[in-house]
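# Inside the fold
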Amino acid sequence: MGSLKNEDDLELIGNELKEAIVYVNGVRRVLPDGLAHLTLLEYLRDSGLTGTKLGCGEGGCGACTVVVSYFDKNSKKCVHHAVNACLMPLYSVEGMHVITVEGIGNRRYGLHPIQESLARYHGSQCGFCTPGFVMSMYALLRSSRTPPTEEEIEESLAGNLCRCTGYRPIIDAFRVFAKTDNALYNDISSLSLQGGEFVCPSTGKPCSCGSKTPTRNKGSTTECNAFHEMHGPISHSETDGSLYTDKELIFPPELLLRKLVPLNLSGFNGLKWYRPITLLHLLELKARYPNAKLVVGNTEIGIEMRLKRIQYPVLVSVSHIPELNTLSVKDNGLEIGSSVKLSELLKVLKMVTKERNAYETSSCNALIEQIKWFAGTQVKNVASVGGNICTASPISDLNPLWMASRATFRIVDCKGHVRTTMADNFFVGYRKVNLAPGEILLSIFLPWTRPFEYVKEFKQAHRRDDDIAIVNAGMRVYFEEKGDTFIVSDASIVYGGVAPISLSLPKVSNYLIGKNWNRVLLMGALEVLEKEINIKDDAPGGMVEFRKSLTLSFFFKYFLWVSYQMDATDIPASDLSAIQSFRRPSIIGSQDYEIMKHGTAVGTPEIHLSSKLQVTGEAQYADDMAMPPNGLHSALVLSRKPSARILSIDGSEATSSPGFVGLFLAKDVPGGNIIGPAVADEELFASEFVTCVGQAIGVVVADTHENAKLAARKVHVEYEELPAILSIEDAIRSESFIPNTGRCLLKGDVELCFESGQCDKVIEGEVQVGGQEHFYLEPNSSLVWTMDGGNEVHMISSTQAPQKHQKYVAHVLNLPMSKVVCKTKRIGGGFGGKETRSAFLAAVASVPAYLLNRPVKITLDRDIDMMITGQRHSFIGKYKVGFRNDGKVLALDLDIYSNGGNSLDLSLGVLDRAMFHSDNVYEIPNMRVKGRVCFTNMPTNTAFRGFGGPQAMLIAENWIQRIATELRRCPEAIREINFQKEGSVLHYGQKLQNCTLTQLWNQLKLSCEFSRAQEEVDQFNSKNRWKKRGIAMVPTKFGISFTVKSMNQAGALVQVYTDGTVLVTHGGVEMGQGLHTKVAQVAASAFNISLSAVFISETSTDKVPNASPTAASASSDLYGAAVLDACEQIKARMEPIASKNNFNSFAELASACYSERIDLSAHGFYITPDIGYDWKTGKGDPFRYFTYGAAFSEVEIDTLSGDFHTRAANIFLDLGYSLNPAIDVGQQIEGAFIQGLGWVALEELKWGDAAHKWIPSGCLYTCGPGTYKIPTMNDVPFKLSVSLLKGAPNEKAIHSSKAVGEPPFFLASAVFFAIKDAIKSARVDEGLTDWFPLDNPATPERIRMACSDQFTKPFASPNIRPKLSI
């Protein structure tokens, strides 16, 4: 803190030294100088508050959400905002109160009602994202005068991502706070009965939604609706919330009285941080540092400094300058200070739209709509209007509107001179604005619109919520009355996403002026528009045809909208669908299942055992472990070329980097440098050649994570570039296949069937199947240390396969496995991505840890994690299928190719399962399936939920759709004709037993009223030209077991203590799927004790050896059976004692057994019987049993933009007798479905390949939440119904249950095919009735371009196939 005149002097006010302070969870903290480089998140986590998580580091996932409270001197009120701690500069919260998840509740002193509700409603699965959701909701409740609406709750969570739950349980958990009275939050029980009536906690009114009390007796049935599950509604008293009415963290009185002072602080590498408090001070600083960066929310500068490695030596916080924070409503418009936050602007805009004449606020309404989809709440709470403007992004959502709305910008220079410029003249080049070095943007003036002046916003992004635009626009026309008609007097048409700047179109605007607003004007304007916008074929961002089409579509929408506003009578009724406003309804979920209770716990819908730890932030993950005093951080030295020879590695510059300790390369590896999970075919550190961008060449260790990354970037590698193979098509042309990966499955005689004339029709085609990023919320992390001078090595890792970590580390260090221990308490999501690819990272960290004899932690940044750890395999399927005219399939000849990447990893197993599932559920008498794994110069692809099965089933459903098109029949009818049934023999020889497919299908068809739904869709489509609906029903059959026989084994250690409690350790890993909870239920039922008496310890290789990875959906089957085996052993030993005495409790029995010297510890073991497939002989059963399912989906698409909504999803699954239906339904099924929805409709990987030449060769462009879009809460179906088949026990798994993790994933393809059904209707309107290709993901680009019309035809053919990285 200091005088702006003398930087070295500390400023004294009132003769007292003013400290930089912040309150954290009510505790006063002094912020020392030298920390300007830190974010709030880094400070909190370094302080031991690890409940706030680092998920992405760019404000895109919400895992780091905290609440920042400050006293607003203008409103004289305390303000509580949710913010992304990963972007907040530490010193920006000086003088504020920061509340983290630890500050609102914990298990010892009581959970906050928000935390309790989330735990009770099964809203926390892996738990990594949970604290962020809790704090977003907490901010909403703290800042709301009245209970929020359901819409406000969902909007407040738009900036939070979850990869596990599917969001519905989270919505249900928080919906209880949306009430007509605030009883829940004010210590009044929400469970009040009036005359026997139940009062709904959602509406505050009597209802029947909670009147049914579910019974838990064996064979009972319960239906759980959107609001209530078996626990019933929560109330304040039930959640110990009474502790919080008196103890809610108040705003610290010191901060109310404290006078705001300027700050002059420093940071690493000479960084200077200033906080002026007057405009004069700011202008003085700007004169001294003309190139200083002005900071408000740091949402852009923070990303530039962290991800783009741009260094800004001077940062000036302008959040406290009164002149920059003005929001003044004037007679002629709205004056907006440049530092005004977007959330504050939004409130004022909403206020003026209510208070002023409707014609004056057309531009205000446009801004309101655009800000709604601008970003998540956390970003809008800190991002400033001026920051967004001066960033000058060509895809800024707001700049086109400022330009179109005649906004003016006031600019002040260092001498205080103010000038004014039109927004239209402010943007002069790519990220360049009309500001001299000594000038700043002072304010924005938005004039009120005039009568007959219409302003409208447009935006299309990859995803609606929290996403940057592909193309956006702001449009305005002003009419003057001439005689009895209106003509255009003024116009402004501005587009973003089509040029290096927000592009104003003067030719289009001039064309409009002086003309009547009619169809003639429309057609002429479209012609001018088409010529005025020129996007080059190699333009950054790609999607050129789509972007061009959007420009025309947007103007057409605007034309119709303006016509409607002017009460035009010549708008065709079918065209109104182009402009109908959409308001998403609240999500309604229902779950229907029977509870088949076995013993004390099995079968009951218990909450996740760790949920209360997760909602309070007390659950620890690998990166939360405190670093030992001498611990080091590591960063990888990565290849920047896809295929090259390494000529030299120069680490000399890195050695002088701050905090540098060591650089380790291939030559430093003590043991073997060649690794691999199945075949040793990859190097730990590349020694001579690199075969992908992101391949590890070495590792740097330093005293901090940032210093390690800085030093790693200073290691210079010289290459000789070699030809690269960057796609499956490249590999096929070059015959680039990983050795010994050719496979073939045969059934019947395909050639004979084709040639004999049995088939009425034979079709051929090719299906491209896109990949998918795991996007587990917790990045890969391992902490490795030595013991006894290096004689032993221990590690804590985020992994699905601790045994693989143990094996890799032992190999690279040349140690026996018995001296290496890997422990995993829990992981923040895995989905297959942490099965093998996490192991090489632990091995990397083990090398410096072993050689230096110091602990080493490796935690990947999100972009690095996505770039180097592999994804779901992309596939190409080439099919030839023969069928009869009635739709019966007779023969299938299929060649499938997977993109394996630069090593084998698990690609052969993925190919095996893909080939096994290539029939999906269809009886095909003659089949030939051949498969190959392609070698490409990309990071090796790996396991992902479904393990190749979904890709093959999607190929199968594509040719089913093709047959339906050829025969002009409903695809569902073709599916039914070809269903497998009991006793069917599959193309690999396994016979189906207990096949429940037809039963499930019929129940689903009845539940969704398919025929009626089809009629309603047809009726809707006939009346709407530009909005179309589609429906689809899709079945699935998923084989359960590892396809490698030896992996189908499991061990467990069960120990009974004399107090009657039980400790269980098994080889499986808890990653959110509820494995520990289910295993504990098995143990509790086995001993006939309560679930609370069982504790599951961490997974550790020194407790249970040689454990298979937690994968293949089989973990509950395997480890549940192993635990049951151990329990039965102990019970057998206890039986003689128990039979002689009548004990009152299990504790008494355990104590008596101890006295009799009975061993109360047992190792259980289980092997899956009757499985094993021999590829050489083509005989054997690869699977123990199958999980069957079916799903119905209804969607609505906007044919002009490619946007879509899932209106309904109805899922039926056969899970036998579920071990825990609440976890299976609310977390596994729904979570898998939403993740699958991402794969089929949202999540697109873009690599630097022939299809995307604007991306550097071999590089991953979509390497963070800013570019890679997983589903948000806004993508959940409006109505989501899940039902479990009743009365169908599975005798082949523990307690008659079935595996659930992977089977539901593919059911989301019902959304994909419903989208295709909707597109089909749009194409029929254009006279296009033939089959058309649609690759996944069905992004807005693919949807829009498939809906061929007059706006796409100038740029693309009706059967365009947008480029896909495969």
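Definitions and limits used
- Residues numbered from 1 in each chain as written.
- Predicted model: local features only at pLDDT ≥ 70, side-chain atom pairs only at ≥ 80, totals over all residues.
- Heavy atoms only, no water.
- Helix = DSSP H or I, 4+ residues; strand = E, 2+ residues; numbered from the N terminus.
- Rg over C-alpha atoms; globule rule 2.2 N^0.38 Å.
- Buried < 20%, exposed > 50% of the residue type's maximum accessible area, 1.4 Å probe, protein only.
- Contact = heavy atoms within 4.5 Å.
- Lys, Arg positive; Asp, Glu negative; His and termini not counted.
- Charge placed at Lys NZ, Arg CZ, Asp CG, Glu CD.
- Salt bridge = Lys/Arg side-chain N within 4 Å of Asp/Glu carboxyl O.
- Core = buried A, V, L, I, M, F, W, Y, C linked by side-chain atoms within 4.5 Å.
- Pairing = 2+ DSSP bridges.
- Axes fitted to C-alpha atoms, helices over the stretch in contact; angles between N-to-C directions.
- Parallel < 35°, antiparallel > 145°, perpendicular 65-115°, else oblique.
- Nonpolar A, V, L, I, M, F, W, Y, C, P; charged D, E, K, R; others polar.
- Polar contact = N/O pair within 3.5 Å; in protein donor to acceptor, adjacent residues only side chain to side chain.
- Phe/Tyr/Trp six-rings, centres within 6.5 Å; stacked < 30°, edge-to-face > 60°.
- Lys NZ or Arg CZ within 6 Å of the ring centre and 35° of its normal.
- 1 Å grid on protein atoms, 1.4 Å probe; cavity = no way out; pocket = protein on both sides within 12 Å on 5 of 7 lines; lining within 4 Å.
- Points joined across faces, edges and corners; volume = space filled by probe spheres on them.
- Expected span 1.5 Å × (residues − 1).
- Arc of directions from axis to C-beta.
- pLDDT = per-residue confidence, 0-100.

Once that is clear, we can look at the overall build of the protein chain. Along the protein chain, the regular secondary structure elements total 36 helices and 55 strands. A compact globule built from 1366 residues should have a C-alpha radius of gyration of about 34 Å, and the protein chain, at 31 Å, falls within 12% of that. By principal-axis analysis of the C-alpha atoms, the protein chain measures approximately 95 × 85 × 85 Å. Buried residues in the protein chain amount to 65% of all 1366 residues. Here the analysis covers contacts within the protein chain between residues at least 6 apart in sequence; of these, 77% occur between residues at least 24 apart. One finds the centroid of the 138 positive side-chain charges in the protein chain at a distance of 1 Å from the centroid of its 147 negative side-chain charges.

Applying the stated rule across the entire model yields 76 salt bridges. Measuring nitrogen to oxygen at the nearest pair gives 3.0 Å for the salt bridge that ties Glu1230 to Arg168. Here Glu1230, found in helix 34 (residues 1221-1241), pairs with Arg168, found in helix 5 (residues 168-175); they are 1062 residues apart in sequence, far enough to count as distant. Take Glu1230 and Arg168: they sit in the same class, and that class is buried.

Residues Phe174, Trp959, Phe1233 and Ile1315 are the most contacted members of the largest nonpolar core, which totals 211 residues. No other element matches helix 27 (residues 949-967), which puts 10 residues into this core. Once residues within four sequence positions are removed from consideration, Phe1233 is found in contact with Ala1191, Ser1193, Ala1209, Ile1211, Pro1277, Pro1304, Leu1307, Ala1308 and Val1311.

So, about the sheet that holds strand 35 (residues 716-721). Strands belonging to one sheet form pairs held by backbone hydrogen bonds; the direction of such a pair is parallel or antiparallel. The strand order across the open sheet formed by three strands is 33-29-35, and the pairing between neighbours is antiparallel. At either end of the open sheet lies a strand with only one pairing partner, and these are strand 33 (689-690) and strand 35.

At their nearest, the axes of helix 34 and helix 35 (residues 1309-1325) sit 8 Å apart, and the two run at 40° to each other. Between helix 34 and helix 35, the interaxial angle falls into the category oblique. Counting all contacts with helix 34, which are made through Phe1233, Leu1237, Val1240 and Ala1241, the residues of helix 35 involved are Ser1309, Val1311, Phe1312 and Ile1315. In the contact of helix 34 with helix 35, the residues fall into seven nonpolar, one polar and no charged.

On to unusual backbone geometry. Among all residues save glycine, negative phi is the norm, and among peptide bonds the norm is trans. Put simply, Asn1336 and Pro1337 share a cis peptide bond, and its omega is 5°. Within the secondary structure, Pro1337 sits in the loop between helix 35 and helix 36 (1340-1346). Although it is not a glycine, Tyr167 sits at a positive phi angle of roughly 75°.

By the secondary structure assignment, Asn25 is in the loop between strand 3 (21-24) and strand 4 (27-30). Asn25 sits in the buried class, given a relative accessible area of 16%. Here the side chain of Asn25 touches Thr100 through a polar contact of 2.8 Å, landing on its backbone nitrogen. Excluding its chain neighbours within four sequence positions, the residues that come into contact with Asn25 are Leu49, His97, Val98, Ile99, Thr100, Glu102, Gly103 and Leu249.

Right, let's talk about the packing of aromatic side chains for a bit. If you walk through the whole model with that rule in mind, you get 38 aromatic pairs. Measuring from centroid to centroid gives 5.8 Å for Phe582 and Phe1278, while their planes differ by 25°, and the two rings are stacked. Of this pair, Phe582 sits in the loop between helix 17 (544-565) and strand 27 (588-595) while Phe1278 sits in the loop between helix 34 and strand 55 (1279-1284); the two residues are 696 residues apart in sequence, bridging distant segments of the chain. The exposure class of Phe582 is partly exposed, given its relative accessible area of 32%. Taking relative accessible area as the criterion, Phe1278 reaches 7% and is therefore assigned buried. Ring pairing ties together the aromatic residues Tyr454, Phe458, Phe479, Trp517, Phe554, Phe555, Tyr558, Phe559 and Trp561, which thus form one cluster. Between the NZ or CZ atom of Arg743 and the centre of the ring of Trp1175, over which it lies, the distance is 4.4 Å.

As a further point, take the sheet that holds strand 23 (residues 453-461). Strand order across the open sheet formed by four strands is 23-24-25-26, with antiparallel pairing between neighbours. Of all strands in the sheet, those bounded by a partner on one side alone are strand 23 and strand 26 (503-504). Looking at chain direction, strand 24 (residues 469-482) and strand 25 (residues 485-496) are connected through 11 bridges and run antiparallel. Directly across from Val477, in strand 25, lies its bridge partner Ala491. On the sheet, helix 11 (residues 362-372) packs against strand 23 and strand 24 and is oriented at approximately 10° with respect to strand 23.

Let us now look at empty space enclosed by the protein. It is a probe the size of a water molecule, rolled over the atoms, that shows where empty space is left. Scanning the entire structure with this criterion turns up 14 cavities of 30 Å³ or more. Roughly 90 Å³ of volume is contained in the largest cavity. If you go around the largest cavity, the residues you meet are Gly771, Gln871, Arg872, Ser874, Asn899, Met938, Asn941, Leu1245, Trp1247, Ser1365 and Ile1366. Considering only residue class, the lining of the largest cavity consists of four nonpolar, six polar and one charged.

Within the secondary structure, Pro1289 is located in the loop between strand 55 and helix 35. The sequence separation of Pro1289 and Phe979 amounts to 310 residues, and the corresponding C-alpha distance is 22 Å. Setting aside residues up to four positions removed in sequence, Pro1289 forms contacts with Gly1216, Tyr1217 and Ser1296.

Let us now look at the side chain of Ser1365. For Ser1365, the location among the structural elements is in the segment after helix 36. Exposure remark for Ser1365: the relative accessible area of 7% places this residue in the buried category. A polar atom in the side chain of Ser1365 sits 2.8 Å from the side chain of Asp1249. A polar contact is formed between the side chain of Ser1365 and the side chain of His1252, at a distance of 3.1 Å.

So, on to helix 17. Along its 22 residues, helix 17 runs 32 Å from first to last C-alpha, staying within 8% of the 32 Å computed at 1.5 Å per residue. Where burial is concerned, most of helix 17 is hidden: 19 out of the 22 residues are buried. Positive backbone phi, approximately 60°, marks Asp567, located one or two places after helix 17.

Turning next to the pairing of strand 5 (residues 65-72). The two faces of a sheet get side chains in turn, since along a regular strand they alternate between them. Counting buried residues along strand 5, six of its eight residues qualify, which places the element largely inside the surrounding structure. As defined by bridge partners, strand 5 adjoins strand 6 (residues 77-84) across eight bridges and the pair is classed as antiparallel. By the bridge assignment for strand 6, Thr65 is matched with Asn84. Where strand 5 folds back on strand 6, the antiparallel hairpin that results is connected by four residues, among which Lys76 adopts a positive phi of roughly 60°. Where strand 5 and strand 7 (residues 97-99) come together, three bridges link them in antiparallel fashion. The partner of Ser69 across the bridge, within strand 7, is His97.

Bringing helix 30 (residues 1010-1023) into the picture now. Compared with the 20 Å implied by 1.5 Å per residue over 14 residues, the 20 Å span of helix 30 between its first and last C-alpha is a close match. All of the buried residues in helix 30 are Phe1010, Ala1013, Val1017, Phe1020 and Asn1021. Angularly, the buried residues of helix 30 cover 95° about the axis, an arc narrow enough to put them on a single face. Relative to its buried face, helix 30 has exposed residues pointing more than 90 degrees away, namely Ser1011, Glu1015, Ser1022 and Lys1023. As for helix 30, its buried residues are in contact with helix 28 (971-977), helix 29 (997-1007), strand 45 (1027-1040), strand 53 (1185-1198) and helix 35.

A few words now on the packing of helix 32 (residues 1115-1140) against helix 33 (residues 1146-1155). Packed helices, taken two at a time, are described by their axes: the angle between them and the distance between them. Packing of helix 32 against helix 33 leaves a shortest axis separation of 10 Å and a crossing angle of 105°. As judged from the angle between their axes, helix 32 and helix 33 are roughly perpendicular. Along its contact with helix 32, which presents Met1134, Ile1137 and Ala1138, the element helix 33 presents Phe1146, Leu1149, Ala1150, Ala1152 and Cys1153. The residue inventory of the contact of helix 32 with helix 33, partitioned by class, reads eight nonpolar, no polar and no charged.

Within the fold, Gly297 resides in the loop between strand 14 (293-295) and helix 9 (301-306). Considered as a pair, Gly297 and Asn84 are 213 residues apart in the sequence and their alpha carbons are 9.7 Å apart.

Now for the environment of Thr1110. The topology assignment puts Thr1110 in the loop between strand 49 (1099-1100) and helix 32. The buried category is assigned to Thr1110, whose relative accessible area is 1%. Every residue in contact with Thr1110, bar those within four places of it in the chain, is listed here: Gln800, Gly1067, Gly1068, Val1069, Met1071, Gln1073, Leu1075 and Ser1115. There is a polar contact of 2.7 Å between the side chain of Thr1110 and the backbone nitrogen of Val1069.

Here the protein chain shows a mean pLDDT of 92. Residues at 70 or above account for 94%. Here residues 1-17 scores under 50 on pLDDT; set against residues more than four positions off or in separate chains, the count is 37 contacts. Low pLDDT (under 50) marks residues 180-246, which in the prediction has 150 contacts with non-local residues, meaning those over four places away or in another chain.

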